[in-house]
Structure formats: structure tokens, C-alpha cells
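Results of the structural survey
The chain contents come next:
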Amino acid sequence: MALTLFQFAISSMLVFGLGVITRQLEFVRSADLGYDKENVVVLPLVNESVRQRCQAYKDTILSHPDVLTASASNTLMGKPPVTREVRPAEAGDEANMSYRLIEADLDFVRTYRMKLMEGR
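Bear in mind that the values here come from a model prediction, so they are computed numbers and not experimental data. (Residues numbered from 1 in each chain as written. Predicted model: local features only at pLDDT ≥ 70, side-chain atom pairs only at ≥ 80, totals over all residues. Heavy atoms only, no water.)

1. What about a nonpolar patch on the surface?
Note the cut-off: Patch membership requires over 30% relative accessible area and the absence of a salt bridge. Like charges are linked within 9 Å, and nonpolar side chains (Val, Leu, Ile, Met, Phe, Trp, Tyr) within 5 Å. Residue exposure ignores everything except the shown protein chains as possible cover, and the areas themselves are Shrake-Rupley values with a 1.4 Å probe. When a carboxyl oxygen of Asp or Glu lies within 4 Å of a side-chain nitrogen of Lys or Arg, that pair is called a salt bridge. Throughout this description, buried means an accessible area under 20% of the type-specific maximum (1.4 Å probe, protein chains only), exposed means over 50%, and partly exposed covers the range between.
On the surface, a nonpolar cluster with roughly 550 Å² of combined accessible area is contributed by Leu-3, Phe-6, Ile-10, Met-13 and Leu-14. We classify Leu-3 as exposed; its relative accessible area is 58%.

Printed below as a string of C-alpha cells:
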């Protein structure tokens with residue numbers, strides 16, 4: 001009897017957990033991310049040779065009549081940005097600070113149709 005009640009309780013918790021996970025996944029799929037992710041072309045700047053030819057790639061893509069804008073960046077939106085670590089010159093060995101960085105061209109915000117709170 002106790003084993004049956006225990007199994008029922010575990011099953012109920014699993015079903016409840018599945019419902020919570022399903023609702024969270026639906027929220028993630030439908031949430032406004034602050035940028036337009038549909039019909040976007042981004043050239044990842046994966047190495048120096050690509051960075052040097054970036055403008056030529058963009059000009060070729062933009063020459064197509066159906067392309068409105070294009071951008072180049074070192075990561076894609078929705079992917080984790082590059083993490084850099086710095087240490088101020090006066091700080092000791094334990095004073096590393098890390099920050100996240102997206103290197104992008106000036107068309108990045110326009111391409112993703114972002115609305116910035118401040119800056120350009």
C-alpha cells in the first residue's frame with residue numbers, strides 16, 4: 001500500500017513537472033526577444049581573412065534585389081557572445097574581470113530591427 005502511494009506521488013510530481021517545463025518552453029518560443037530573428041542574413045566574422053573581405057561579401061549579398069540589409073558579427077543572436085577576460089594593471093592575479101562581447105558592424109542593429117535604449 002505504501003509503495004503504491006509512493007509511486008502515485010512520484011508520478012504526480014513528474015506529470016506536474018512536465019506541465020511546468022512545457023509552459024516554460026512555450027514561453028521561450030513565443031517571447032519577444034527584442035530583435036527580429038526572421039529572414040536575417042548575418043556573416044559570422046570567424047577569422048581575420050573573412051573580416052578583411054566582409055564588405056565584399058556584404059556588397060554581393062546586398063546586390064540581390066530581395067535583400068534589404070546585411071550585417072557581420074562574431075556571433076549569431078541567440079548564441080552566447082564571446083567572453084573576454086581583463087585584469088587591470090594595478091590589480092593582483094585574482095582580479096580578473098570578464099565581460100561578454102559581440103563584435104558587429106554598424107548595420108547590426110538595423111538588420112535585427114533592434115530598439116536601443118541608449119547609444120547607437
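2. Overview of the layout of surface pockets
Selection criterion: Using a grid of 1 Å spacing that covers the protein atoms alone, one calls a set of points a cavity when a 1.4 Å probe fits there but cannot get out, and a pocket when the set is open and has protein on both sides within 12 Å along at least five of seven lines; lining residues are those with an atom within 4 Å of a point. Grid points are joined across faces, edges and corners, and a volume is the space filled by probe spheres set on the points.
Reported here for the largest pocket is a volume of approximately 210 Å³. Glu-38, Asn-39, Val-40, Leu-68 and Arg-113 are, among the 11 residues lining the largest pocket, the residues nearest its centre.

3. What about the packing of aromatic side chains?
Here is the rule we go by: Any Phe, Tyr or Trp ring, taking Trp's six-membered ring, that has another such ring centre within 6.5 Å forms a pair; planes under 30 degrees apart are called stacked, those over 60 apart edge-to-face, and the others tilted.
Under the criterion given, the structure shown has 1 aromatic pair. Seen in terms of ring centroids, Phe-108 and Tyr-112 are 5.0 Å apart; in terms of plane orientation they differ by 65°. Their pairing is edge-to-face. Here the two residues Phe-108 and Tyr-112 agree in accessibility, since each one is buried.

4. Some points on the side chain of Ser-71
Note the cut-off: We count a stretch as a helix when DSSP gives it H or I for four or more residues in a row; a strand needs E for two or more, and each element gets its number in order from the N terminus.
Relative to the helices and strands, Ser-71 resides in strand β2 (residues 71-73). Take Ser-71: its relative accessible area is 0%, and that puts it in the buried class.

5. Regarding the pattern of salt bridges
By the definition in use, this model includes 4 salt bridges. The salt bridge partner of Arg-29 is Glu-26, with a shortest N-O separation of 3.7 Å. Here Glu-26 and Arg-29 lie together in helix α1 (residues 2-30), a separation of 3 residues that amounts to about one turn. Here Arg-29 falls in the exposed class, since its relative accessible area comes to 58%. Linking Asp-105 and Lys-58 is a salt bridge whose minimum nitrogen-to-oxygen distance equals 2.6 Å. Here Lys-58 lies in helix α3 (residues 54-62) and Asp-105 lies in the loop between β4 (97-101) and α4 (108-111), a separation of 47 residues in the sequence.

These values are about where atoms sit, not about what they do.
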